[in-house]
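Given next are the chains, with one letter for each unit.
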Amino acid sequence: QLQLVESGGGLAQPGGSLRLSCAASRFPLDDYAIGWFRQAPGKEREGVACMSESVRDTNYGDSMKGRFTISRDNAKNTVYLQMNSLKPEDTAVYYCAASVTVQGMCVIGEYDYWGQGTQVTVSS
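Anyway, here's the lowdown on the structure attached to this text.

Rules of the game
- Residues numbered from 1 in each chain as written.
- Predicted model: local features only at pLDDT ≥ 70, side-chain atom pairs only at ≥ 80, totals over all residues.
- Heavy atoms only, no water.
- Pairing = 2+ DSSP bridges.
- Helix = DSSP H or I, 4+ residues; strand = E, 2+ residues; numbered from the N terminus.
- Axes fitted to C-alpha atoms, helices over the stretch in contact; angles between N-to-C directions.
- Disulfide = S-S within 2.5 Å.
- Salt bridge = Lys/Arg side-chain N within 4 Å of Asp/Glu carboxyl O.
- Buried < 20%, exposed > 50% of the residue type's maximum accessible area, 1.4 Å probe, protein only.

## Re the sheet that holds strand β7 (residues 68-73)
- The antiparallel open sheet is built from four strands, whose spatial order is β1-β3-β8-β7. The open sheet has two free edges, formed respectively by β1 (3-7) and β7, since each of these has just one partner strand. Taken over all neighbouring pairs, the strand axes of this sheet differ in orientation by 20° on average, direction set aside.
- Relative to strand β8 (residues 78-83), β7 runs antiparallel, the two being bridged by six bridges. Within β8, the residue paired with I70 across the bridge is L81.

The structure is reproduced here in structure tokens:
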């Protein structure tokens, strides 16, 4: 089955940037819609940024628009999340996920494959 391995998390200062990567293996990533989700302690998991297989449709959470960008490099079979202008409220575990059914929407229940999560901490 599709496997996803995340990297790039860590500590950033407010206003700083991080780029998360999610490497897929065993199957080509362009067969799937992809998404990034996050979960902070005591809070529900929420959609961050999602993209359809064709890259035709993308969706971002309201608080991420203008700051975060989802992209994919099919040649490298890798998904990226570029995060700029980070805020302390962005502190969470970030997960990448893949879906064979969703067309760019961040619907958690429709994502079939998940990475292990990577911690992002934004603090001064």
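## Thoughts on the state of the cysteines
- Going through the model one piece at a time under the given rule, you end up with two disulfides.
- The residue that forms a disulfide with C50 is C106, at a sulfur-sulfur distance of 2.0 Å. Disulfide C50-C106: torsion about the S-S bond near 125°, hence right-handed. Linking C50 in strand β5 (residues 46-51) with C106 in the loop between β9 (92-99) and β10 (113-114), this pair joins segments that are 56 residues apart in sequence.

## Things to note about the pattern of salt bridges
- All told, the structure shown has four salt bridges when counted by the stated rule.
- Residue D90 pairs with R38 through a salt bridge whose shortest N-O separation is 2.9 Å. Of this pair, D90 sits in the loop between β8 and β9 while R38 sits in strand β4 (residues 33-39); the two residues are 52 residues apart in sequence, bridging distant segments of the chain.
- With a shortest N-O distance of 2.8 Å, D90 and R67 are connected by a salt bridge. In this pair, D90 sits in the loop between β8 and β9 while R67 sits in the loop between β6 (58-60) and β7, placing the two residues 23 residues apart along the sequence. The exposure classification of D90 matches that of R67, with both residues buried.
- The network of salt bridges with shared partners includes R38, E46, R67 and D90.

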